[in-house]
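# Coordinate inspection notes
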Amino acid sequence: MSTRQGEHLNPVVTTTELSGNHAGRGGDAGVPGAGGYVGWAGYGGNGGGLGLFYDALTFDGGSVTDNTAGEPGAGYSPLAADAGGVYTLDARVTLADGATVTGNRPRNCSSVADVPGCVNDGNPLPHAAVAGSRDEAAITAVSASARR
């Protein structure tokens, strides 16, 4: 759901189960170009269950469960998507009347501050290349071979 900034719809979703959904995969960068340039990977989709932008929503008595954010595309510096359950951008979701957000991957909510009552179960946000990680070494190797 989205509106233009400043024009709130304030929708209410009642007794609804959002389950088993998957946000889209990011685009692939393709093969290295002239001069060995390795293209950037496309971002995976956010909010496999629900995405809300610039608005406030009441989720009344339902569940957002077992949804997945999209995988990044192939290429340089692939960044995983966030929030398989509820993704918010300058938005707020109120969980009312026993509504739950659980079991989503990689995390339940992009911001627990935007979705009071949402808990991310300790699932860290996936990363592409943390300094010293195996992923960083692989990206460095691909970049070096592409420059040859």
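These notes cover the structure that comes with them. Note that the structure is predicted; figures quoted are calculated from it, not measured. Each chain carries its own residue numbering, running from 1 in the direction its sequence is written. Given that the model is predicted, a residue must reach a pLDDT of at least 70 before its local features are reported, and side-chain atom pairs must reach 80 or more before they are shown or counted; all residues, however, enter totals for whole chains, interfaces and linings. To obtain the side-chain values, all non-hydrogen atoms of the structure were included, while hydrogens and water were left out.

### Describing the overall build of the chain
Only DSSP runs of H or I with at least four residues qualify as helices, and only runs of E with at least two residues qualify as strands; both kinds are numbered from the N terminus onward. On a plain count of helices and strands, the chain comes out with 1 helix and 8 strands. In what follows, a contact means two residues having at least one pair of non-hydrogen atoms within 4.5 Å. Partitioning the intrachain contacts of the chain with sequence separation of at least 6 by distance along the chain shows that 68% fall at a separation of at least 24. Calculation of accessible area relied on Shrake-Rupley with a 1.4 Å probe; when residues are assessed, cover is drawn exclusively from the protein chains displayed. Entry remark: accessible area of the chain is about 8000 Å², with carbon and sulfur atoms responsible for 53%.

### A look at the sheet that holds strand 7 (residues 92–96)
Note on pairing: DSSP must find at least two bridges between two strands before they are called paired. The strand order 1-4-7 describes an open sheet built from 3 strands, whose pairing is parallel. A strand with exactly one partner marks an edge of an open sheet, and here the two such strands are strand 1 (12–14) and strand 7. Across the sheet, the mean angle separating the axes of adjacent strands is 15° when strand polarity is ignored. Bridge analysis of strand 1 against strand 4 (residues 56–60) gives 3 bridges, and the strand direction is parallel. Bridge assignment links V12 to a residue of strand 4, and that residue is T58. Angles shown run from 0 to 180 degrees and are taken between the N-to-C directions of axes, each axis being a line fitted to C-alpha atoms and, for helices, limited to the stretch in contact.

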